[in-house]
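Coordinate analysis (summary)
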Amino acid sequence: MNTRTYSLLDSVLLNVDHGIRTVFGKPPTTERDNPAASCDETGLAEQDKRIAARLMRVNHAGEVAAQALYEGQALTARLPDVRGKMERAALEENDHLDWCAQRVQELGQHTSLLNPLWYTGSLAIGAIAGIAGDKWSLGFVAETEHQVVQHLEEHLQRLPAQDSKSRAILQQMKEDEAHHATTALEAGGAELPKPVKKLMALTSKVMTRTAYWI
Ligand SMILES: [Fe+2]
Ligand SMILES: [Fe+2]
């Protein structure tokens, strides 16, 4: 766990560095293996391959946004007792980012061209959640993760049946996200008001619909 205190300028520079790595590079991951590594590549029909790549691009964009949400919150939230756990969660999001990026490439497509936009928008939302105070900020994490779990369930239904590699990645992500939600709730996250939940769902719908194509 990092206990150093950073100046505002340090924090801003670290954030810019993190953003560039998230969108264009490969941020540090955990020790875990890519869950797809143990699955065989099945010969997908061109049409199925295209659908799978688009779905995985959406998931990659979601993970870019997740990175920015965590970073934005870290800028403004105190979270003194749970910072270590949240850092682990953020690192696991890097695994997701990496696994999805690899899979999109294997399926022959590019990640979302709008990733810089998803990152900056989510960074701002995360920072606002952080300012609202730890209980709301943790509640926001829990609600985000709940919505991501629902979204992943939908994608698991929509993935071509033979794409066991993408499926293995999404299954592991789903488990991780559910765990992140529990961690945030146990750390004192509050239930968000319904209109906020609805607004969050609407925002992510815009992102997922757009990233499917661009
Ligand atoms: Fe994730
Ligand atoms: Fe997560």
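Residues numbered from 1 in each chain as written. Chains lettered and ligands numbered in written order. Predicted model: local features only at pLDDT ≥ 70, side-chain atom pairs only at ≥ 80, totals over all residues. Heavy atoms only, no water.

**Observations regarding the packing of aromatic side chains**
Think of a pair of aromatic rings as described by two things: how far the centres are apart, and how the planes are tilted against each other in angle. Here is the rule we go by: Only Phe, Tyr and Trp rings take part, Trp by its six-membered ring, and two of them pair if their centres are within 6.5 Å. Stacked means planes under 30 degrees apart, edge-to-face means over 60, and tilted covers everything else.
Under the counting rule described, the total for this entry stands at one aromatic pair. Summarising the aromatic geometry, the rings of Tyr 212 and Trp 213 are spaced 4.9 Å apart at their centres and angled 80 degrees between planes, so their arrangement reads as edge-to-face.

**Things to note about the coordination of the iron ion (ligand 2)**
Six octahedrally arranged donors around a metal ideally form angles of 90 or 180 degrees; four tetrahedrally arranged donors ideally form angles of 109.5 degrees. Spelled out, the test is: Distances define the donors: N, O and S atoms within 2.8 Å of the metal qualify, as do those within 3.2 Å of Na, K or Ca. Water is excluded, so some sites may look unfinished.
Coordination of the iron ion (ligand 2) by the protein is provided by Glu 93 (OE), Glu 145 (OE), Glu 145 (OE), Glu 177 (OE) and His 180 (ND1), with metal-donor distances spanning 1.8 to 2.6 Å. Spacing between the donor residues of the iron ion (ligand 2) along their common chain follows E-x51-E-x31-E-x2-H.

**Points about the state of the cysteines**
Applied cut-off: In this description, the term disulfide denotes a pair of cysteine sulfurs within 2.5 Å. Only protein chains enter the area calculation, which uses a 1.4 Å probe; residues under 20% of their type maximum are buried, those over 50% are exposed, and those in between are partly exposed.
Applying the stated criterion to the full structure yields zero disulfides. Residue Cys 39 stays outside any disulfide, its sulfur separated by 14 Å from that of Cys 100, the closest cysteine. Exposure remark for Cys 39: the relative accessible area of 18% places this residue in the buried category. The class for Cys 100 is buried, based on a relative accessible area of 0%.

**Some remarks on the packing of helix H2 (residues 46–76) against helix H7 (residues 194–213)**
Heads up, the condition is: Angles here are taken between N-to-C directions and fall from 0 to 180 degrees, while the axes themselves are lines fitted to C-alpha atoms, restricted in helices to the stretch in contact. Secondary structure elements are taken from DSSP: a helix is a run of H or I of four residues or more, a strand is a run of E of two residues or more, and numbering for both begins at the N terminus. Just so you know how the angles are binned, under 35 degrees is roughly parallel, over 145 roughly antiparallel, 65 to 115 roughly perpendicular, and the rest oblique. The hand of a helix crossing depends on one turn: near helix anticlockwise from the far one by less than a right angle means left-handed, and clockwise means right-handed. We call two residues in contact when some of their heavy atoms are within 4.5 Å.
At a closest axis distance of 8 Å, the pairing of H2 and H7 adopts a crossing angle of 135 degrees. Between H2 and H7, the angle is such that the two are oblique. Once H2 is placed against H7, the crossing between them reads as right-handed. Seen from H2, the contacting residues are Ile 51, Arg 54, Leu 55, Arg 57, Val 58, Ala 61, Gly 62 and Ala 65; seen from H7, they are Met 207, Thr 208, Ala 211, Tyr 212 and Trp 213.

**Let's talk about the coordination of the iron ion (ligand 1)**
At the metal site, the iron ion (ligand 1) is ligated by Glu 63 (OE), Glu 63 (OE), Glu 93 (OE), His 96 (ND1) and Glu 177 (OE), and these contacts range over 1.9 to 2.3 Å. In the primary structure, the donors to the iron ion (ligand 1) are separated according to the pattern E-x29-E-x2-H-x80-E. A separation of 3.9 Å is found between the iron ion (ligand 1) and the iron ion (ligand 2), which are bridged by Glu 93. One end of the pair, Glu 63, is in helix H2; the other, Glu 93, is in helix H3 (residues 83–106), with 30 residues separating them in the sequence.

**A look at the pattern of salt bridges**
Rules: Here, a salt bridge means any Lys or Arg side-chain nitrogen found within 4 Å of an Asp or Glu carboxyl oxygen.
Tallied over the full model, the rule gives 11 salt bridges. A salt bridge links Arg 103 to Asp 163; the nearest nitrogen and oxygen atoms lie 2.8 Å apart. Of this pair, Arg 103 sits in helix H3 while Asp 163 sits in the loop between helix H5 (134–158) and helix H6 (164–186), and the two are 60 residues apart along the sequence. Asp 163 shares its class with Arg 103; the two are buried.

**Considering the side chain of Asp 98**
Along the polypeptide, Asp 98 turns up in helix H3. Owing to a relative accessible area of 16%, Asp 98 belongs among the buried residues under this scheme. Apart from the residues within four sequence positions on either side, Asp 98 is in contact with Lys 26 and Thr 29.

**Quick word on the nonpolar core**
This is how it is decided: Among buried residues, the Ala, Val, Leu, Ile, Met, Phe, Trp, Tyr and Cys ones that are joined through side-chain atoms within 4.5 Å form a nonpolar core.
Counting 23 residues, the largest nonpolar core has Met 56, Leu 107, Ile 169, Leu 170 and Met 173 as its most contacted members. Of all the secondary-structure elements, those providing two or more residues to this core are H2, H3, H5, H6 and H7. The leading source of residues in this core is H2, at seven residues. With near-sequence residues (within four places) excluded, Met 173 lies in contact with Asn 59, Glu 63, His 96, Cys 100 and Leu 152. Formed by eight residues, the second largest nonpolar core is a distinct cluster that contains Ala 89, Leu 138, Val 141 and Ala 142.

By themselves, these are just geometric observations and shouldn't be taken as functional.
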